[in-house]
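Here's the letter readout for the chains.
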Amino acid sequence: AAAKEKKGAPEGAGADPLLGVLWSPSGMGIPDTLPSTWAARQDTTALRTALGEDIAGTTLLEGAGPPGPHPALPEPKGTISNPRSGCREQETQERTMPGMLFQEDKQTKLHPLVSIGGHGAIMMVQTTHSTPAQLSPITAEAFCGFFLSRPLCARDKSSASSLQSLSWVLGYNSSLAVHSLMDGEDLVLLYVSSHTVVIHDVLGNRQSHLQGHTNVISCLCVSEDRRWVATADRGPDALIIVWDSFSGIPVRTIFESHPEDGVSAIAISQDAKYLATISAGTVQRVCVWKWTLPTEKPMCSTELRPEFGHQEYVIFNPQNPREFVSNSKTQVIFYLWVSRDIGSCISASLLSLQTFNSVVGHFSQSVFHFNNSQALTGTSAGKLVVWDVVGPHTPSKELQAKPHSMKATKLVPMQKDSLTVLKVYESCIVTGDVKGQVKFYDGQLQFLTCYSRSKVGPIRSISFSKTPPDPPSSDSSNSVSLTLNRNFILSTSDATVLRVATDRTNFEKVMEEAKKAVNAVACHPRQALVAVGSDCGLLKVWDYQQTKHLVSRIFTEAGIQCLSYDPQGYFLAAGFTDGSVYILDAISLQSSCREFKFSRGPITHISFSHDSEYFATADEKYSVTVYKSVLQNGSRRWEHLAGLHSHYKPIRSILFGVQLDSNEPRLLSLGEDRQLVEYDLNSSSKDHLVVLHRDRIEQMAVPLCLAWYPQLSTESFILTANNRYKMKLYNTTTKMCRKTLLGPTYGSALEKIQILPPTNSTDPQKRYLAYITKDKVGLQILPVDGNPHKSSAFICHPDGVSDLASSYDGCYVFTVGGNDRTLMKWEVNLNALDAAASLGGEDLIPFYNLLDGGREGEFFRELEDYFYYAQLRSHGIDTLETRQVSTHIPLEEIPSVMRAMGFYPSEEKIEEMINEVKFSKYVDTGEQVTKINLGDFIKLYINHRPAFGLSMKKIQQAFHVLGYDNENGDKVIDRGDLLLLLQCRGEHMTEDELVQCLTTLLGRRPAGGGSEPDTYDPSGAAALTEEEIPAEITAEIFATDILGLPIAEPEKKNRKKRDESLIYEDSES
């Protein structure tokens, strides 16, 4: 490979680079190739031209510096060009710069923000100060095909209607670097918040959000000219995305780069042509990518031995893009790679106490020296390890092709405090430490200057202001002077960002965010205010219309778990991890009374009554505590009323309502113990909380959230959602389940629901519900009916959503992400949600599509047959009388048809289904319904059947709980025990019922048995059952031999394997 480079073989010319055997002198590399899984080819001509390459990929300026302004991206075919003639050519000639997302001047420019039009068209808006905006629509298909190099998928189409759009983000990932894109008259920062890259114009109070990752972003890097931003994530379907920070557009997406565990470290070369990535798996893989090439394969890759430690930092040599270095806490690895016939040279050495007779410490970051072949590594002992090439010195051009090794030659003590950041900038070496100090050194590690300030936490990153257009003088001292006079941005590990003006040694605090998990959010009931609380005790109140911080308070004793405003907006209640409750003034955050501490565990929920006379809390010890407002000495104050250990599993919701026949408040709590508890506040007294009703509302599912359903009909309801993707309506008085409905199915069940306030719509029946799942935020049109097109959801916090709140006018929804320490503000577009529901079809069309095969499928035809057979049964199979053809069947036939279609409800579920239909019109007409038509039956079937069918894993879990290990190590249940369990546990079966079911399932019904249950003769069936059922029953035998359900082939071949496959096909939702 080195010889070919010397002969002048053009890099990347012709076809895609050949992938050869990875090698290293020490045998550390192993042969490997990565197959391409991305069939589409990306048109990266403009990108490669911008990076100094011709169309064939040949380097035009080998070893050149950062790329200059790149020409406009080619316009996709089939799109409408801009009506203003020649404007594109004029724009490409203008000089672009970092932060142009927010720059406004009198020159015509391409507006960076992309908005989605009403018909799936993406509008690129161009503005001037003198003329109205000109719109150039680009279809969503063209946008995905050109910019993302893939066709528009269903997920894109669903999001293209902008049902919810991210409006603002508070908080950021303080473990990643903060980069300065512009510094001067404009201050533009780039940082990561959860799965979103935020470009923040601090002085202009504006944000642009780069969204594309579905997992939390784990690492990022920025090119020297601040134009190209590369981000990567960990987890399933991990991505590497390269963004153009000037326009906010993703220009390159690499799929399945490290499919095992994603990416832990990433770096971009000085010339911005190459990316180096290190995987996050136990066995780490290092890859080099030429990201402008239309291929999913890296230029080269190699695996690292586990003894190298977990490599968590990587950086290129600015003078040689073929060389880079990475380090773990204990090992530093140097790499040299060559393209075409690819080789990879790795050198690594382990330092110990004996190496320099001194403590080395853990490694933090490594860099290459700016004027020689050395490299430096900072350590936790405040020292710098100096690495140098072993062997005779060779010019840098020869180093590009010659394998070489590096060796630690010096250990230079710099200070006592641990070094956290090491950076080479122009002619200076810069360090940051755990005390918040930034120190500058020259090339000989001679101290130049120091910037420090008290109460600054450990430094996480240092980012200097952009290099001025004029290149620095060749005089080294002048270059050092320029560096020392350049402003820079500091970010600390305690979530603080500071701007340092070197001319005044002034530390200006730019951002200070939560240092620990953010779990609580609440919106003011009458003003545009949102309160956010974190585990570090920081409570902030923001004006979300002006996106301005108003007031904050830090509680040092404990972390904030939950927040709630009272309905009048005078008080803000805060619940803490130590069980204490504070009642604060809603504006000043000063305590209105002494704190209460009547709970033994962390407070999880707080709720106020509608008249602000009561508030109640729930805690992790399953207790509910009530507080009351009393008049004392002419002023109102809060006092503790009573508490009760009312649940035996975690409390999921606590909710105040209003009595139907009066204006008195009522209080309910819902727990994972399936108990809905209502309390009698009028009868309760000091230290005695009275329970009015205690109802078990679920048989098997676990209820997760609770809300008062809007008065959309004559009857009043309570709405719940459970862990089986079902939403249920209960009568507020009788607590009878009136409806069971299929809820949103977006990967996880609803964790919290909130009814949005009514809008200014003329239709009072139009109400909406906001909800969160494990990692998504969504909207639902009311009334709920099981139509999947009436809901939508978007990923908001991939690592988990902690809380949800909606603005008083229903225009915004706020979510907090717990450990990602961010709050996200989502703008709601209800018109788009209504449009999406209309496009999904009306009446039964959405429900037909949920059946296997749809309206024209075999499943529907079979359902019709069963439906009409049920009519025959209701009249008697053997009757000779004239039959009346009808479109209805009696309610008593519902269980038989349900079971015939593969849904086997319990007796309690059957009772709920029949009551749901029977009393559907009772409140309005006073009459009970006695029959059901086919359309209503389909809705009933869709809403009540399991959302995702029955899986083999569920049966195996039951056997794991009830069974024991036999001689072969299989989980089995004894035949006698199984028969006894079926007769004594759960919904009991009589002996005759059990024998009848088993003999029918086993296909051994005695001779002469008819199709009707009343013709069955059980004589001799018990002995027959013993013959057919083995003494020890496994989950597989129970599913296949007894129930007669098909399972996947792997289960048949190896019954010890636990497969998630469905055991019947007709249950897909």
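Residues numbered from 1 in each chain as written. Predicted model: local features only at pLDDT ≥ 70, side-chain atom pairs only at ≥ 80, totals over all residues. Heavy atoms only, no water.

If you check an unreviewed UniProt entry, the protein chain appears there as Cilia- and flagella-associated protein 251 from Buteo japonicus. According to its UniProt record, the protein chain has this under Subcellular location (unreviewed entry): "Cell projection, Cilium". (UniProt positions renumbered as here; feature names shortened; annotations may be inferred.)

(A) Highlighting the pattern of salt bridges. Counting across every chain of the model gives 30 salt bridges. The partner of lysine 790 in a salt bridge is aspartate 785, with the nearest N and O atoms 3.5 Å apart. Under the relative-accessibility criterion, lysine 790 is labelled buried at 11%. Across the pair aspartate 965 and lysine 971 runs a salt bridge, and its minimum N-O distance is 3.5 Å. For aspartate 965, a relative accessible area of 48% puts it in the partly exposed group. On the basis of relative accessible area, lysine 971 is assigned to the partly exposed category, the value being 22%. By sharing partners, the salt bridges in this structure join Glu698, Lys728, Lys909 and Glu912 into a single network. (Salt bridge = Lys/Arg side-chain N within 4 Å of Asp/Glu carboxyl O. Buried < 20%, exposed > 50% of the residue type's maximum accessible area, 1.4 Å probe, protein only.)

(B) Focus on the environment of leucine 1043. For leucine 1043, the position within the fold is in the loop between α20 (1035–1042) and α21 (1049–1053). What makes leucine 1043 partly exposed here is its relative accessible area of 30%. Spatially, the C-alpha atom of leucine 1043 lies 9.9 Å from that of cysteine 997, the residues being 46 residues apart in sequence. In this structure leucine 1043 touches Leu1001 and Phe1038, once residues within four positions along its chain are discounted. (Helix = DSSP H or I, 4+ residues; strand = E, 2+ residues; numbered from the N terminus. Contact = heavy atoms within 4.5 Å.)

(C) Inspection of the packing of helix α11 (residues 858–875) against helix α15 (residues 934–944) at higher detail. Closest axis-to-axis distance for the α11/α15 pair is 12 Å, and the angle between their directions is 115°. Considering the relative orientation of α11 and α15, their crossing is right-handed. From α11, Phe859, Phe860, Leu863, Glu864 and Phe867 reach across to α15, where they touch Leu934, Phe937, Ile938 and Tyr941. Here the residues of the contact of α11 with α15 sort into eight nonpolar, no polar and one charged. (Axes fitted to C-alpha atoms, helices over the stretch in contact; angles between N-to-C directions. Left-handed = near helix turned anticlockwise from the far one by under 90°. Nonpolar A, V, L, I, M, F, W, Y, C, P; charged D, E, K, R; others polar.)

(D) Inspection of the sheet that holds strand β49 (residues 717–722) at higher detail. On the basis of which strands lie adjacent, the open sheet formed by four strands has the order β48-β49-β50-β51 and antiparallel pairing. Edge strands, defined here as strands with exactly one partner in the open sheet, are β48 (703–708) and β51 (737–742). Each strand axis lies, on average, 20° off the axis of its neighbour in the sheet, ignoring direction. With five bridges connecting them, β48 and β49 associate as antiparallel partners. From the neighbouring strand, alanine 707 faces β49, where its bridge partner is leucine 719. The strands touched by helix α13 (residues 907–918) within the sheet are β50 (726–731) and β51, with β51 carrying the most contacts at an inclination of about 100°. (Pairing = 2+ DSSP bridges.)

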